[in-house]
Structures are given as structure tokens and as C-alpha cells.
Amino acid sequence: MDLVTRAALALDQWSDLQGVKVMRGAEATACYGADCGAAERQILGAIQLQYDGKARLPQILAIARAARVPIYPISTGRNWGYGTALPASGAAVILDLSGLDRILDYDPEFGTVTLEPGVTQAKLCRFLAENGGRHMVPTTGAGPEVSLLSNALERGYGITPHADHFNALSNLEVILPNGEWLRAPFSSLGVPVLDKLFRNGIGPSWIGLFTQSALGIVTSATITLAPHPERTAVFLFSLRSQEDLPKVVGRVRAVLDQCGGLVGGVNLMNRHRMLSMTIPYPKERLGASPIMPDGLVDELARANLIMPWTGFGTLYCSERLLSAVKKEVKAALRGVAVRLVFLTADRIQTLRGALKFAPAALAKRAEASLATLAKSLDLIQGIPNETALPLAYWLSGRRPPPGTQLHPSRDGCGLLWYAPLVAMNPELVNDYTLWVTGRMKAFGIEPLITLTTISSSIFDSTVPILFDRANEAAARNAGNCLQALMEEGRQRGYTPYRLGIDALPWLLGHGGSSLQFVSDLKRHLDPENILAPSRYCLNPELTPQPS
Ligand SMILES: Cc1cc2nc3c(=O)[nH]c(=O)nc-3n(C[C@H](O)[C@H](O)[C@H](O)COP(=O)(O)OP(=O)(O)OC[C@H]3O[C@@H](n4cnc5c(N)ncnc54)[C@H](O)[C@@H]3O)c2cc1C
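Quick notes on the rules
Residues numbered from 1 in each chain as written. Predicted model: local features only at pLDDT ≥ 70, side-chain atom pairs only at ≥ 80, totals over all residues. Heavy atoms only, no water. Pairing = 2+ DSSP bridges. Helix = DSSP H or I, 4+ residues; strand = E, 2+ residues; numbered from the N terminus. Axes fitted to C-alpha atoms, helices over the stretch in contact; angles between N-to-C directions. Contact = heavy atoms within 4.5 Å. Near = heavy atom within 4 Å. Polar contact = N/O pair within 3.5 Å; in protein donor to acceptor, adjacent residues only side chain to side chain. Areas by Shrake-Rupley, 256 points an atom, 1.4 Å probe, with all protein chains shown as cover. Nonpolar A, V, L, I, M, F, W, Y, C, P; charged D, E, K, R; others polar. Domains from an automatic or database assignment. Buried < 20%, exposed > 50% of the residue type's maximum accessible area, 1.4 Å probe, protein only. UniProt positions renumbered as here; feature names shortened; annotations may be inferred. Buried area = accessible area lost by both parts, 1.4 Å probe. Salt bridge = Lys/Arg side-chain N within 4 Å of Asp/Glu carboxyl O.

1. Considerations on the sheet that holds strand β7 (residues 169-175)
Stage number 1. Pairing is antiparallel across the open sheet formed by five strands, whose spatial order is β5-β6-β9-β7-β8. Only two strands of the sheet have a single partner each, and these edge strands are β5 (103-107) and β8 (181-183). This sheet shows a mean twist of 10° between the axes of neighbouring strands, independent of strand direction.
Stage number 2. Judged from the four bridges that link them, β5 and strand β6 (residues 112-115) form a sheet pairing that is antiparallel. What sits directly across from D107, in β6, is T112.
Stage number 3. Sitting on the sheet, helix α3 (residues 57-67) is in contact with β7, β8 and β9 (217-224), with an inclination near 55° to β7.

Here it is as C-alpha cells:
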């Protein structure tokens, strides 16, 4: 019996289960099939777990094993730029966990919250506001409607003090492909509270095995939230030239080392990235060029007061420490950075008020920038919003009508992320930025580069490869560009921290003993290879390669 027939029979069986809603292939494809990266997969159907559907998971897995039908779990399925909701391998049934959206407990003393996969940033934000407002949502740029749990399972990064979302994760409850439950160890020793406060348990720590993984389905976990600090502020600065970029790297490291947890992180953005946040894409001015010619970039950057690099840092501290931290930042950046300013929400409000005295044209432009800054400040204070999502719409300029939720995959946006780790070494950072810029231009793709500190020794760089998704050749070119960046980048010393579904086979080619180890685990835990085949835990014998 072929896979499609086996899946149809399995869908019949799944539809008999309580707490489960089933979609057939065509309906499921319409619901989950669109991908920002233009990847294509065969969606054989979908199982949507309802609020009370968790208890059905052992049966769901038993049916999948018996029918040898792959299932692919998603939490909110908005993994834009990395495959959206599509399975990693050729054909699968989507297991949609968004219906499991309970906040299971919240401890205001320690700031731990235990939640299910469907709990979104927006839902947690409302919950915290109603429960004392002491802690922050670990927001990301992906908007209010994405799951907190899946982002942590993907080891995503955010922009609040707990920027590394995996680091804040503990107390996983997992169902394994064989239908057995796995829970954090202290609960079986009778002290479950410790599982929420100490993530490593006792004995081998297995928590990481279920992140960027296909070894189990995580049904709940605890996240440690950062408390709202007394003061939140941002600082902005500019660099006059590319030559200043390597010089600022050591200064940024010094800021992070000296100010410890008081500086949340620092982002460095090139001119293209800043333009994407400032003006509509100047499509009508490209002429025959596929991307903005250098002269046009110079002109637009000058007109919008954008220098070659812009820095954006966050400060979280007490009132008394704020002035001391500002002094440290000023001292560290002196002589390299220019136009250093510190802003708080109050200050932005005052500036917006003062605009009524400015000439109309200037006031209009300044108001737009200040409004974006105010939204960014909300985001870093743990208030989720859509302010980062318009990036995905920059090339097309076609956004849904005001009041409609932004949803880049549904709205036809073309985007693939190249997200490499770059050691904070001045020469490497310089080489990296020049090389990415040159390679992307050679592919006819706008080079938008951000470098985000994730410690005082490493940047996570995020480079959106934007393309016209309606154009097949452009989609192919974007995929080729990503492949070139991954492989050439590896040879130069940069590799992604996370991969999209079409990029996963690249990992197989460079596996080594680490890949062998997880493949062995996969073979042992999931001999039928029914759970998210080909996702990170590649199994060369069983894994069909996506075309
Ligand atoms: C403009 C823009 C800005 C973005 N900003 C950020 C950002 O700041 N930080 C960031 O990290 N990302 C960012 N993203 C990328 C992405 O959209 C987010 O990471 C998003 O949170 C992932 O989607 P999701 O949470 O719906 O995950 P899902 O799609 O639900 O899950 C992602 C993957 O994790 C696995 N998974 C999910 N749930 C489970 C589970 N319960 N058990 C086992 N496996 C599971 C699945 O295999 C799935 O493919 C951005 C994207 C765009 C377009």
C-alpha cells in the first residue's frame, strides 16, 4: 500500500479520536502549505489537537507507527524563513498543537511559567498583565501570535533580557515516538518545583536533545521570565565608515563585559537594513539593476541621515544604576561611535510632543521614526507587536489592509534566513560583512545585515534573503544564494545556528560524529522514523532527501 493510501486510512482512525480534528490533504495543504521560502512538500493531512487532546497523543503515535505515516509537529506553524509549517521531509501529516494553549502555572516569586505549545506571546502578555505585571514576555520579532515554546525549542533569540530562549527553558514534558512519556527528573523524586528552577536535573541532562530535534513531541515546559526592571532604555549610535566596524567590535565587547546583565544586547545594522526600516523599497528607481545601485543607496542613506552602520543597544537596570551604565557605554564607544543618544519611552513621548513646533515635512518624517522607536521600545519591554514583521514585505510593498494581522507566508512574502554565528573578532566581523555584501549583490539580492550580540564573544547575524515569491527563477536564485552563503561561509568560519527545511540536507554532508550520535539516538527512539523525518536528526538510511 502506498503512503497516500496509508495516510488516508490513518486519518480515518485519527478522526475517531476525541479531542482531535482531522483535515484531509487538500484542506490541510490550503491551511499549512504556503511557505515564505517557496519550499514545497506533500501535506498528507493534518491532525489538530483540541484543548483537551493531549491525552490522545499515545494513540495518535500508535496509529502513525502502525501505518508508517510520518507526522510533523508544529506549535503555531509560523517558522517564517525556516520552512513555516512545512515538514522537513517530502510528505507528512501535520500535527498542529496550537489548540493546547493552557498556561499551567505561574510563580510570581521566581518568575517561572509553565505552558503548553499553543500559548502565544500575546496570550502570555495578557495573562501577566492580569496577574501583577511583574514579569516580561520574552518577545521576538515574529509578532504576537507565535508560540513561546516552539521558539525556545528552535533555540530562537529575542530582544528582552532573557534573549536566549533555550537558556530560559526547563521542566520539559515530552512524548516519545513510541508513545511513552518523559518528564523532568525531580518530579519523580517528589520535588517537582526544582524542575522549574534547575533545568539540568540529575544525571545526564537531556533537555537539549528535544530542541532543534525530531526525538519527541514537547507538550509543556517551564520558561523563566525576566522581571520588569525599574528602568528600560535604548542607546543608538552610528559609525561613519566600514573601517569603524572592526574598531567598534572590541568596544561592544567591553560594554558587555563591564556592564554584565545591565546591557541586554547590542545590534549593529548596515545601511540596507536601516533603509528597509525607514523607507518603502525604491523599486521604481532601480532601472535595469536587480538591486539598488550603490549610488542610490548613498543618496537614500544621506537623505535619511543613515551612516554605514547603526548600533542599537538595550539597558535594563535600576534608576540608580542607569546613569552609571550610560557613562560606561559612552566611555567605551568614545572615539569610534558618533551620534550616541540614550532614549526612554518618556523621552520619545516628549520628542513626539515637540514635533508640533517643527516644519511639517520634517515633523512627518520624524514622527514615523519615533513611532517605530516607540514600538521597538515596547518590544524590548516585553510587549509583543508586529513592528519587525514589515521587513518581510519590503520588496513587494504589498501589505494586508490595516487592521489585518501580518502573516508573511500567507501574504506571499519571499524570505529565507541566513543566520550564522560570527565570533566577535574585529577582522572576522569585517571580513564577514564585506563578504556577505559582495556575495548577495552578485546574486542580485539586497544585502540586509544585522549583527546581534548573544554573549560577549559571539554575534548571531541575521540576514534575510528577500525575493519575489511569485517568480520561480527568483525563488531558485534565493535558495542558491543561501546555499552559497552556507558553504562558503563555513569555509570562512561562519555557520548558521539554525536551519530552514531545505537547508537541512547541507548538514548531512558535513555531519561528523555529532550527527552520527543523534542519528543513532533517532534510530533507537524512532525506529519507524515517523516523527518529523529529516529534521536535524538526519538518518541517511531512512531519510528521503527533499528535492
Ligand atoms: C520578520 C521576521 C522576524 C522574525 N524574528 C524572529 C526573532 O526575533 N527571533 C526568532 O527566533 N525568530 C524570528 N523569526 C523566525 C520565526 O518566525 C520565529 O522563530 C517563530 O517563532 C517560529 O515559528 P513558531 O513559533 O510558530 O514555530 P513552529 O513553526 O510552530 O515550530 C518551529 C519548529 O519547531 C518544531 N516544534 C514546534 N513545536 C514543537 C513541539 N511542541 N514539540 C516538538 N517540536 C516542535 C517543529 O518541527 C517546527 O518546525 C522571524 C521571522 C520573520 C519573518
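Read on, since the account is not over.
2. Considering the site of the ligand
Stage number 1. Taken together, 32 residues are adjacent to the ligand, and S75, T76, R78, S150 and Y157 come closest.
Stage number 2. Note that an oxygen atom of the ligand is positioned 2.7 Å from one of the backbone N or O atoms of R78.
Stage number 3. Within the complex, 94% of the 970 Å² of free accessible area of the ligand lies under protein.
Stage number 4. Along the lines of polarity and charge, the residues of the shell around the ligand split into 16 nonpolar, twelve polar and four charged.
Stage number 5. Mapping the shell around the ligand onto the domain boundaries places at least three of its residues in each of domain 1 (3-96) and domain 2 (103-224).

3. What to know about the environment of V119
Stage number 1. Inspection of the secondary structure assignment puts V119 in the loop between β6 and α4 (121-130).
Stage number 2. Given a relative accessible area of 0%, V119 falls into the buried group.
Stage number 3. Along the backbone, V119 and L100 are 19 residues apart, and their C-alpha atoms lie at a distance of 7.6 Å.
Stage number 4. Beyond its immediate sequence surroundings of up to four residues, V119 is in contact with L100, D101, R102, I103, L124, V146, S147 and L148.

4. Describing the UniProt feature "domain: FAD-binding PCMH-type" (unreviewed entry) in the protein
Stage number 1. UniProt's entry tags residues 44-228 with the feature "domain: FAD-binding PCMH-type" (unreviewed entry), counted in the numbering of this structure.
Stage number 2. Its end C-alpha atoms 45 Å apart, residues 44-228 is made of 20% helix and 23% strand.

5. Some points on the domain arrangement of the protein
Stage number 1. Its domain assignment divides the protein into domain 1 (3-96), domain 2 (103-224), domain 3 (231-393) and domain 4 (413-500).
Stage number 2. The gap between the C-alpha centroids of domain 1 and domain 4 is 31 Å.
Stage number 3. Across the boundary between the two partners, domain 1 contributes nine residues, which contact 13 residues of domain 4.
Stage number 4. Taken over both partners, the interface formed by domain 1 and domain 4 buries close to 850 Å², and the fraction arising from carbon and sulfur atoms is 56%.
Stage number 5. A per-residue breakdown of the area domain 1 buries against domain 4 is headed by C36, G81 and Y82, which together make up 65% of the total.
Stage number 6. Counting across the domain 1 and domain 4 interface gives zero salt bridges.
Stage number 7. On inspection of domain 1 and its partner domain 4, the count reaches five residue pairs in polar contact (both at pLDDT 80 or more).
Stage number 8. Class assignment of the residues belonging to the side of domain 1 that touches domain 4 gives a composition of five nonpolar, three polar and one charged.

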